[in-house]
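Each chain, written out:
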Amino acid sequence: MQEKWNTIIKPKRGLFAIDLKSVWQYRDLLKMFVFRDFVTYYKQTILGPLWFFIQPLFTAAINLFVFGGLAGIGPAGVPGFLFYLSGPILWQYFQDTFTKTSAVFIENQQIFGKVYFPRLIMPLTVLISGLMKFAVQLLILIAAVVYYYFSTGTLSLQLELVFFPIIILIVMILAMGFGLIVSALTTKYRDLKFLIDFGVPLLKYITPGIATTYAVFVNTLPAKLVPFAKYNPMGYLIDSFNYMFVGAGSFNWASLGFSAGIAIVILLLGIIIFNQTEKNFMDTV
Amino acid sequence: MSKNTVIKIENVSKMYDLGLVGTGTLSKDLNRTWAKLRGKPDPYATLAELNVRSEKSKSNTVWALQDINFEVKQGEVLGIIGKNGAGKSTLLKILSRITTPTTGIIKMKGRVGSLLEVGTGMHPEMTARQNVFLNGAIMGMTRVEIKRKLDEIVDFAGIGKYIDTPIKRFSSGMKVRLGFAVAAFLEPEILIVDEVLAVGDAEFQKKAIGKMQDVSKGKGRTVLFVSHNMASVKKLCSNGIVLENGKVGFTGEISNTINYYISNKTINNKFNSDNRQVKNNDVKITNVKIKNSNNESIDKILSGEKIIIEIVLNKAINENFDIGFGFYNPEEIPQFHCSTETKRIELNNRKQIYQATINKWPLATGKYYLNIYVRTKTTLLDYIKEAIWIYSEKGDFYNTGVLPSWSNGFYIDYDWE
């Protein structure tokens, strides 16, 4: 008699045995986690949700002072403040998703040690919670764009703006992919967490689109370092994003295709590694 | 009709690395990968030993579970018992998919719900209602399901009017009740429960155990229950399994299982502090002896005998304090209790050795153990469970040369007219 077992627990798991079906079954949990993040994020703070706004505005002001003022490498022909608002917002989403995803096993070992649910729910929570925050900050950017339209009479938005969801999608894939890879390693080698916590924020200084546009950035760099800018998938993404909203940057499908290609490879790799780690990480974390 | 097997556990073993995980794991990992590449078995697996905690281990790996095989039928309530470190928790973790076995396979039929903790993932800032949805979702319920049962859950937890209060304002008891209430309405086909019932007040425990009985009896669900509490295991379970050092020692009908567990319990007729409950206090009980009236240590008492319990502390205590001890039978049922506070005796005489005299040992034939504590009015200084065991035999309790007719229970003095 053929018996039907619907849960089978065994030591090894196929490389591609990724249970997306059960992730889908647990979609209500994903919603609850995102809801939890949202309602508890600004509890116990005085300024509350204002923090969503304060952070990018101050970052923009400081960047404008340092890069535009002191270093004098700000983009020409567009309002500097707008430029230094848009790039860092997108970068911040990438950085938050990357660092938080990479800490997912360590931060949640309490829950993971007591109950089973598809572990992939947690990185997805990080991704979507972050997206909410990003959406709020995008509103500030749009408000700033509108402000400059009325004060200077020029609208900085470009026609390619319609493609901006594609950029966001690639950033999400890339950040989650990197995060998943590192998360698997941090369960054993805790040093990595420190490296990520201070290293990822530093990466933005070698990413085009933060300090200045891609074109200016590549020209300023010593020839030896140019490949770092060229093969940095985030560079194209931020530069395109800046172009769409601020008009300073570039947009071409080839570069986006390159970034998307890297992002997909990284994500697949990340999911495979994460999937292999989740089954036993409680023994080593 | 024979019932379906719903859980099948085949040759399950689990190996753990001992010591500090994280140091030297890189070289170990490389060694393992190298062995794997050459098609050799894990070089550390062969060194692994059985998990006997009392012996100092020679290798760095240990088998927490080894070759576990058993099946569970539908509707069965299986009690898993065993000493601390026998592998109960590891088995539970594997069954609830927290971790995977090193070898072997487990097959299960139906939705599995595991309850290793109540209220997992609840957030203090969120209201009770929000937490019910969150906790329910963590345990695999859908939103619709939870919505349908919300009223029942709130009712069961008895938190009616606090439903929209953040649970950080709740007492710990209320939180536990809320957590258990969500779990109670989980309705999986297979429920795996750890000793979570140990928390919460007595009334609620009763309610919780009742609920679990309903679940298994009324709806034909399968329950795996791990507990130290023989009374609740006996009450709840139909069958049992004893784990000993990572292996299955016994399986069978629950009362046989408990008997096996009790009769195979290691009995220390000398003082043993393995079950010390208070860690790192500088006042410690360093010895407990049971002596006869000639001041000689004994490991066997006859009922009616005069005995002396001698307690030695590592240092004198400078404030008022109390000492107390209780005797229990192997099923962990309390027999009697003696303490300085009930006798209104104040101890502050800076001695290190204290003696309690029991003029007529009242218990009948059997094995008994003693739990002992030392405390001041405010703090528990030391508390040791199963500090010493004693074997009792029927003796000449009435001093008549006639042995009492019963061998069970206890003896009392009485008069006839």
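Just so you know, these numbers come straight off a predicted model, no measurement behind them.

Turning to the overall build of chain B, a few remarks are in order. Regarding its fold elements, chain B presents eight helices and 18 strands. Residue burial in chain B is summarised as follows: out of 417 residues, 35% are buried. Here the analysis covers contacts within chain B between residues at least 6 apart in sequence; of these, 69% occur between residues at least 24 apart.

Residue and element names in this part refer to chain B. With six of six residues buried, strand β4 (residues 77–82) is to be regarded as a mostly interior element. Here five bridges tie β4 to strand β9 (residues 239–244), and the two strands are oriented parallel to one another. Bridging across to β9, G79 finds its partner in G240.

With that out of the way, let us pick up the sheet that holds strand β7 (residues 190–193) of chain B. Residue and element names in this part refer to chain B. Across the sheet, six strands lie side by side as β6-β7-β8-β4-β9-β10; this open sheet has mixed pairing. Across the chains shown, the open sheet's two edge strands, defined by having one partner strand only, are β6 (112–115) and β10 (247–253). Strand-to-strand twist across the sheet, computed as the mean angle between neighbouring axes with direction ignored, equals 15°. Two elements, β4 and strand β8 (residues 222–226), share four bridges in a ladder whose sense is parallel. Bridge pairing in β8 links L78 to L224.

With that out of the way, let us pick up the interface of chain B and chain A. Many authors give the size of an interface as the accessible area that is lost as the parts come together. On the chain A side, the residues contacting the 36 residues of chain B number 28 residues. Per-element accounting of the side of chain B that touches chain A gives the leading share, five residues, to strand β5 (residues 103–108) of chain B. Tallied by class, the residues present in the side of chain B that touches chain A amount to 16 nonpolar, 14 polar and six charged. In terms of strand pairing, strand β1 (residues 7–9) of chain A meets β5(B) through three bridges, oriented antiparallel. When the sheet's bridge partners are listed, A:T7 is paired in β5(B) with B:M108.

We now examine the confidence of the model for chain B. In the predicted model, chain B carries a mean pLDDT of 83, and the fraction of residues at 70 or more is 89%. Our summary of model confidence lists the complex with pTM equal to 0.77 and ipTM equal to 0.85.

This brings us to the packing of helix α4 (residues 80–102) of chain A against helix α12 (residues 233–246) of chain A. Each packed pair of helices is defined by two parameters, the angle between the axes and the distance between the axes. All names here are of chain A. Two elements in contact, α4 and α12, have axes separated by 9 Å at closest approach and are oriented at 140°. Relative to α12, the element α4 lies oblique. Of the two elements, α4 crosses α12, and the hand of that crossing is right-handed. Contact residues: L82, F83, S86, G87, L90, W91 and F94 in α4; M234, I238, F241, N242, F245 and V246 in α12. A per-class count over the contact of α4 with α12 returns ten nonpolar, three polar and no charged.

With that out of the way, let us pick up the sheet that holds strand β14 (residues 322–328) of chain B. All names here are of chain B. The five strands lie next to each other as β12-β18-β17-β14-β15, forming an open sheet whose pairing is mixed. Only two strands of the sheet have a single partner each, and these edge strands are β12 (300–302) and β15 (334–339). Averaged over all pairs of adjacent strands, the angle between their axes in this sheet comes to 30°, without regard to strand direction. Judged from the five bridges that link them, β14 and β15 form a sheet pairing that is antiparallel. When the bridges of β15 are listed, F325 appears paired with C338.

Residues and elements named next belong to chain B. A large share of helix α2 (residues 88–95) lies buried, amounting to seven of its eight residues. Taken together, the buried positions of α2 are K88, T90, L91, L92, K93, I94 and L95. Positive backbone phi, at 65°, marks R97, one or two positions downstream of α2.

Moving on, we come to unusual backbone geometry. Residues and elements named next belong to chain B. Phi is positive for D67, close to 50°, though the residue is something other than glycine. Looking at where D67 falls in the secondary structure, it is placed in strand β3 (residues 61–73). For N399, which is not glycine, the phi dihedral falls at a positive 60°. By secondary structure assignment, the location of N399 is in the segment after β18 (380–393).

Conventions adopted
- Residues numbered from 1 in each chain as written.
- Chains lettered and ligands numbered in written order.
- Predicted model: local features only at pLDDT ≥ 70, side-chain atom pairs only at ≥ 80, totals over all residues.
- Helix = DSSP H or I, 4+ residues; strand = E, 2+ residues; numbered from the N terminus.
- Buried ≥ 20, exposed ≤ 12 C-beta atoms within 10 Å, placed from the backbone.
- Contact = placed C-beta atoms within 7 Å.
- Pairing = 2+ DSSP bridges.
- Axes fitted to C-alpha atoms, helices over the stretch in contact; angles between N-to-C directions.
- Nonpolar A, V, L, I, M, F, W, Y, C, P; charged D, E, K, R; others polar.
- pLDDT = per-residue confidence, 0-100.
- Parallel < 35°, antiparallel > 145°, perpendicular 65-115°, else oblique.
- Left-handed = near helix turned anticlockwise from the far one by under 90°.

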